[in-house]
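Structure assessment
Below are the chains, spelled out letter by letter.
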Amino acid sequence: MPPSIARPATLAVAGLIAILPLSAVSCSAAQKALDCGNTAVRITGDISDVTTAFNNASNDSAAAGQALQKLKNDLDDLGKNSKNTDVAKAITDLNTQVDKVQQAVNNKQAPDLKPLGDAAGNLTQVCTG
């Protein structure tokens, strides 16, 4: 995984694991921690899959499209189920970046994956801040 995406994704998981014990303070905090934990696990894996697929696109071009669609589907599902508005907004922002990557692919351009990693980092900040 490129460093620009690996670090935010790793930080997301580490930060969310750290925040879970603190969630007992209130119901709102507990719900946010739950949303963040579920989101981090799914999204980290999906972003890793997208990155790997694009790095290996010359070997299997269909894998990149499939990984991108899986990420988009998971984001849509997580966005619908998130009860925390900050988490939902971070998911929406991440979804916007997925759309931009998809547009680049549709235009037969090399996608810039850094904004996707940055959006994952933003989700980390929402969950740990």
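Use the structure listed above.
Report follows, based on the coordinates. All values derive from a computational prediction rather than experimental measurement.

Reading the values: rules and limits
Residues numbered from 1 in each chain as written. Predicted model: local features only at pLDDT ≥ 70, side-chain atom pairs only at ≥ 80, totals over all residues. Heavy atoms only, no water. Helix = DSSP H or I, 4+ residues; strand = E, 2+ residues; numbered from the N terminus. Buried < 20%, exposed > 50% of the residue type's maximum accessible area, 1.4 Å probe, protein only. Contact = heavy atoms within 4.5 Å. Axes fitted to C-alpha atoms, helices over the stretch in contact; angles between N-to-C directions. Parallel < 35°, antiparallel > 145°, perpendicular 65-115°, else oblique. Left-handed = near helix turned anticlockwise from the far one by under 90°. Nonpolar A, V, L, I, M, F, W, Y, C, P; charged D, E, K, R; others polar. Core = buried A, V, L, I, M, F, W, Y, C linked by side-chain atoms within 4.5 Å. Salt bridge = Lys/Arg side-chain N within 4 Å of Asp/Glu carboxyl O. Expected span 1.5 Å × (residues − 1). Arc of directions from axis to C-beta.

Looking at the side chain of aspartate 46
With respect to the helices, strands and loops of the structure, aspartate 46 is situated in helix α2 (residues 27-55). Note on aspartate 46: relative accessible area 2%, which makes it buried. Not counting the four nearest positions on each side in its chain, aspartate 46 is found in contact with Lys70, Leu71 and Asp74.

Digging into the environment of alanine 104
Mapped onto the elements of the fold, alanine 104 is located in helix α4 (residues 85-106). In this view, alanine 104 contacts Gln109 and Pro111; residues no more than four positions away in its chain are not counted.

Thoughts on the packing of helix α3 (residues 61-81) against α4
The contact between α3 and α4 brings their axes to 10 Å, and the two run at 155 degrees. On the basis of the axis angle, α3 is roughly antiparallel to α4. Crossing geometry of α3 relative to α4 is assigned as left-handed. Of the residues in α4, those in contact with Leu68, Leu71, Lys72, Leu75, Asp76, Leu78 and Gly79 of α3 are Ile91, Leu94, Asn95, Val98, Asp99, Val101 and Gln102. Of the residues belonging to the contact of α3 with α4, the class tally is 8 nonpolar, 3 polar and 3 charged.

A look at the nonpolar core
Counting residues in hydrophobic clusters, the biggest one holds 25 residues, and the most contacted among them are Val50, Leu71 and Leu94. In this view, leucine 94 contacts Ile43, Ile47, Leu75, Leu116, Ala119 and Ala120; residues no more than four positions away in its chain are not counted.

Brief notes about the packing of α4 against helix α5 (residues 114-128)
In contact at an axis separation of 9 Å, α4 and α5 are set at 175 degrees when each is read in the N-to-C sense. Considered as vectors, α4 and α5 are oriented roughly antiparallel to each other. Listed contacts from α5 to Asp86, Val87, Ala90, Asp93, Leu94, Gln97 and Val98 of α4 are Pro115, Leu116, Ala119, Ala120, Asn122, Leu123, Val126 and Cys127.

Considering the pattern of salt bridges
Once the charged atoms of two side chains with opposite charge are near each other, the side chains can pair. In this structure the tally under the stated criterion is 5 salt bridges. Note that aspartate 74 and lysine 70 form a salt bridge whose closest N and O atoms lie 3.1 Å from each other. One end of the pair, aspartate 74, and the other, lysine 70, are both in helix α3, 4 residues apart, so they sit about a helical turn from each other. Relative accessible area serves as the criterion here: at 11%, aspartate 74 is assigned to the buried category. Residue classification places lysine 70 among the partly exposed residues on the basis of a relative accessible area of 41%.

Comments concerning α3
Under the 1.5 Å per step criterion, the end-to-end length of α3 is 31 Å for 21 residues, consistent within 8% with the ideal 30 Å. Ala64, Ala67, Leu68, Leu71, Asp74, Leu75 and Leu78 are the residues of α3 that are buried. Down the axis of α3, the smallest arc covering the buried residues is 130 degrees, so these residues share one side. Facing away from the buried surface of α3 by more than 90 degrees, the exposed residues are Ser61, Gln66 and Lys80.

Remember, this is a structural readout, not a statement about activity or role.
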